Amino acid sequence: MNPWRLDDTYALVKRAFGHKQETMARASIRSITDRQSFARYHYHEAQRLTQAFVRAHLAEDDDMLIDVLSQEGQKKRIAFERYIFKAGAHATAAIQSLHSVPDILANGIYFSAGQNLRPNPLPERDLSLPKIAKALARESMFGSLASMLREAQTGAGWSHLAAVCNLSKHRTVIRMAMSEDLTGTREERRELHVSGFERDGKWFPSLSLKAVVAPEYDRLSPLICSIGHELNNKLRAIAAKPLVQPDPLWQAP
């Protein structure tokens, strides 16, 4: 799929709604790519740290994680605790960055579509994906974006990722752990895992960081491009006749 041409979006928003609106839309849209990049960076750092620890302390076939953990006060145990702290920080940051993408995307669409210029705009505190999608659904021009936005939070693994993020943010940080497979059935013998936990009466089992983050990242990326293409198509349709007059200072003399 072709990438979302962000510069086209900025230019179209400016033509349709003025420079001030373009500035607001640009800030949110840029933050979509920022958060995706943050999620990717933190994810790869967590995986790099895991691989580095394994190479340094569990390189031999007969090395076992339980031996490292049982060496209280020894160098390997101290190294493991240092590793799990750093990897856990990166893993949590990756999950939180990815979780923020749909709401930031919704804000970018909201301002790009000039919805805050309409009568009775949403209060700033209500600028969440569900409420923005509901507002867009009432629009004849931008209504098609509502269902596309809702897809951003309906992936098979979204509820697990959201639960990790929200519980870690509001109540207790979900800890990370190294999981060692002794059956030989797993592709990776050692993996960084998000520990199991319960939220709202539902049990979320321990999963590898890869299983929590990668499928949702891969699902969201093409969806964001599709939404960007649809937004640009709608903006092109109104670019010749702006819905509101641009800022006077930015009008051609």
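Residues numbered from 1 in each chain as written. Predicted model: local features only at pLDDT ≥ 70, side-chain atom pairs only at ≥ 80, totals over all residues. Heavy atoms only, no water.

Caption draft 1: Geometry of the nonpolar core. In this structure, Tyr83, Ile95, Ile109, Leu136, Leu149, Leu192 and Leu209 are the most contacted members of the largest nonpolar core, which totals 70 residues. Ranked by the residues each element gives to this core, the list is headed by helix H4 (residues 75–112), at 16 residues. If we ignore the near neighbours within four places in the chain, the residues touching Ile109 are Trp4, Leu136, Leu145, Leu149, Ile227 and Leu231. (Core = buried A, V, L, I, M, F, W, Y, C linked by side-chain atoms within 4.5 Å. Buried < 20%, exposed > 50% of the residue type's maximum accessible area, 1.4 Å probe, protein only. Helix = DSSP H or I, 4+ residues; strand = E, 2+ residues; numbered from the N terminus. Contact = heavy atoms within 4.5 Å.)

Caption draft 2: Seen up close, the sheet that holds strand E2 (residues 190–194). The sheet built from three strands is open, its strands ordered E1-E2-E5 with antiparallel pairing. In the strand order of this sheet, the two ends are held by strand E1 (176–180) and strand E5 (207–208), each with one partner. Relative to E2, E1 runs antiparallel, the two sharing five bridges. Paired with Met176 across the bridge in E2 is Val194. (Pairing = 2+ DSSP bridges.)

Caption draft 3: Molecular detail of the pairing of E2. Burial within E2 is extensive, with five of its five residues counted as buried. Along E2, one buried face is formed by Arg190, Leu192 and Val194 and the opposite face, lined by Glu191 and His193, is buried too. With two bridges connecting them, E2 and E5 associate as antiparallel partners. When the sheet's bridge partners are listed, Val194 is paired in E5 with Leu207.

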